[in-house]
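Structural overview for review
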Amino acid sequence: MKKVPGIQDVAAEAGVSISTVSRVLNHSGNVADNLRRRVYKAVESTGYSANPIASNLKSTKRNQIAVVIPTLRGTYYTDIIKGVSEYFYEKSIMSVVLESGGNMEKESSIIKDLEKQWIDGIILIPGQCGQEESYRKYMESLSHLRKRDTPIPVVLVEADGRNEDLDLVRVDHEAAFYAMAEHLLELGRRKLAYLGDAEDASLVGLALKGIRRAMEEYDCSLSEQLVCMGNSTVLDGYQSMARLLYDGQRPDGVICTNDQVAAGALNACKEQGLLSPKDVAVTGYGGMALSIVTDPPITTMVAPRQQMGTAAAQLLYERIEGNREEPRRIILAAHPAIRCSTMKSAFRRLETMFDD
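An account of the accompanying structure is given in this report. This structure is a prediction, so every number in the text was calculated from the model and none was measured.

1. What to know about the sheet that holds strand E2 (residues 94-99)
Read from one edge of the open sheet, 6 strands run E2-E1-E3-E6-E7-E13, paired in parallel fashion. The sheet is open, and its two borders are formed by E2 and strand E13 (329-332), each paired with just one other strand. The mean inter-strand angle of the sheet, taken between neighbouring strand axes irrespective of direction, is 15°. Sheet analysis places strand E6 (residues 154-157) next to strand E7 (residues 167-171), joined by 3 bridges and oriented parallel. In the sheet register, Val155 faces E7, and the bridge partner there is Asp167.

2. Quick word on the packing of helix H1 (residues 7-14) against helix H3 (residues 33-46)
Taken N-terminus to C-terminus, the directions of H1 and H3 make an angle of 120°; their axes are 8 Å apart at the nearest point. Relative to H3, H1 is oriented oblique. Both H1 and H3 take part in a crossing whose hand is right-handed. In this structure, H1 contributes Asp9, Val10, Glu13 and Ala14 to the contact, and H3 contributes Arg38, Val39, Ala42, Val43, Ser45 and Thr46. For the contact of H1 with H3, the class distribution of residues is 5 nonpolar, 2 polar and 3 charged.

3. Here we look at the sheet that holds strand E9 (residues 227-229)
Ordered by their spatial adjacency, 4 strands build an open sheet running E9-E8-E10-E11, and the pairing between neighbours is parallel. Each edge of the sheet is formed by a strand with only one pairing partner; in this case those strands are E9 and strand E11 (281-283). On average, each strand axis in the sheet is tilted by 15° relative to the strand beside it, whichever way the strands run. Strand direction decides the pairing type here: strand E8 (residues 192-196) and strand E10 (residues 253-256), joined by 4 bridges, are parallel. Paired with Ala193 across the two strands is Val254, which belongs to E10. Strands E8, E9 and E10 of the sheet are contacted by helix H10 (residues 234-246), whose axis makes an angle of about 145° with E8.

4. Thoughts on the layout of surface pockets
Regions of empty space are outlined by a rolling probe, equal in size to a water molecule, passed over the atoms. Put simply, the largest pocket is a space of about 770 Å³. Considering the residues around the largest pocket, the lining is formed by 35 residues, among which Pro70, Thr71, Tyr77, Asp197 and Ser232 are closest to the centre. Looking at the lining of the largest pocket, the elements that each hand over two or more residues are helix H8 (173-186), helix H9 (204-217) and H10. Residue classes in the lining of the largest pocket are distributed as 14 nonpolar, 15 polar and 6 charged.

5. Regarding a negative patch on the surface
The grouping of Glu164, Asp165, Glu325 and Glu326 at the surface amounts to a negative patch. With respect to the element layout, Glu164 can be found in the loop between E6 and E7.

6. Structural notes on the nonpolar core
Counting residues in hydrophobic clusters, the biggest one holds 52 residues, and the most contacted among them are Tyr76, Phe88, Ile123, Tyr194 and Ile255. For this core, the element with the most residues is helix H13 (residues 305-320), which contributes 8 residues. Those residues within four positions of Ile255 in sequence are excluded, and the remaining contacts are Phe177, Met180, Ala181, Leu184, Leu192, Ala193, Tyr194, Leu195, Ile211 and Thr283.

Scoring rules and cut-offs
- Residues numbered from 1 in each chain as written.
- Predicted model: local features only at pLDDT ≥ 70, side-chain atom pairs only at ≥ 80, totals over all residues.
- Heavy atoms only, no water.
- Pairing = 2+ DSSP bridges.
- Helix = DSSP H or I, 4+ residues; strand = E, 2+ residues; numbered from the N terminus.
- Axes fitted to C-alpha atoms, helices over the stretch in contact; angles between N-to-C directions.
- Parallel < 35°, antiparallel > 145°, perpendicular 65-115°, else oblique.
- Left-handed = near helix turned anticlockwise from the far one by under 90°.
- Contact = heavy atoms within 4.5 Å.
- Nonpolar A, V, L, I, M, F, W, Y, C, P; charged D, E, K, R; others polar.
- 1 Å grid on protein atoms, 1.4 Å probe; cavity = no way out; pocket = protein on both sides within 12 Å on 5 of 7 lines; lining within 4 Å.
- Points joined across faces, edges and corners; volume = space filled by probe spheres on them.
- Patch = residues over 30% accessible without salt bridge, like charges linked within 9 Å, V, L, I, M, F, W, Y side chains within 5 Å.
- Areas by Shrake-Rupley, 256 points an atom, 1.4 Å probe, with all protein chains shown as cover.
- Salt bridge = Lys/Arg side-chain N within 4 Å of Asp/Glu carboxyl O.
- Lys, Arg positive; Asp, Glu negative; His and termini not counted.
- Charge placed at Lys NZ, Arg CZ, Asp CG, Glu CD.
- Core = buried A, V, L, I, M, F, W, Y, C linked by side-chain atoms within 4.5 Å.
- Buried < 20%, exposed > 50% of the residue type's maximum accessible area, 1.4 Å probe, protein only.

Written out as structure tokens, the structure is:
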């Protein structure tokens, strides 16, 4: 009978100790990349197959992490997920994506279920940024997730950092929306509108802060009548813009929470016979592919979405591996893509337009 290869055979083939093989296969402890590759190559050449049941009895590790996002319909999140999943694929760790619907109660329930399943770690994009006591307690609870005596680390993405005990990765939203407002103000637009996400959505406050700061520097202000809170879909952008125009509140510049909302706003303007940018200059946020196929193409701030996902994954992996350093804050910059929705003479080469 042919001998079934064991862990000692893998160690001999790779020229490393059995404990090194164990650390590589269980993703526990730091192992140099060259040793890790040798072990994986030896596993393949020997045909070794670990017993997952026996391994799980010895360890709390499941080699599985979860990504919890507000919605699966928001294309903004797809590249964040891509950055996460590609990073963990290289570590032989599975990524599971779950949708909270932007609802705090559902989001909290999902987190509790993940804790019961002994997930190794969680990347969370919160759907809300509540001020009430229940939200504060919920955010605080994220620091105390456990499987046996082992912490389940959580990394926040695109969040307000309410829990300072958790790692955080996000775009500098205040700077991004300040830049969009400043762009419109430099073009001579003074009656600006903001078509935003839900009022309690994460980071809305930072976006408004950036817009208001830019307008104050130009001795003007953002009228509350021109602030429309909704959701983040094309339809919401269309309805919000149509409502402003129907009420006689015609702005000369519109800053939108994302590119989908901006696309909807453009359509509402067209229906009323308004040209962009001649009558109304429209800007988005995110740098989605949608922003280049609209007519006209939408000026936007391109967010480093995949980079956010990769950075969050790396932070989470380090926590899973036992890093106990102080929580880190990684704030990334977005960059502008100026297009024909604000400047008719904007450069139109496709490859410079978006970062998908």
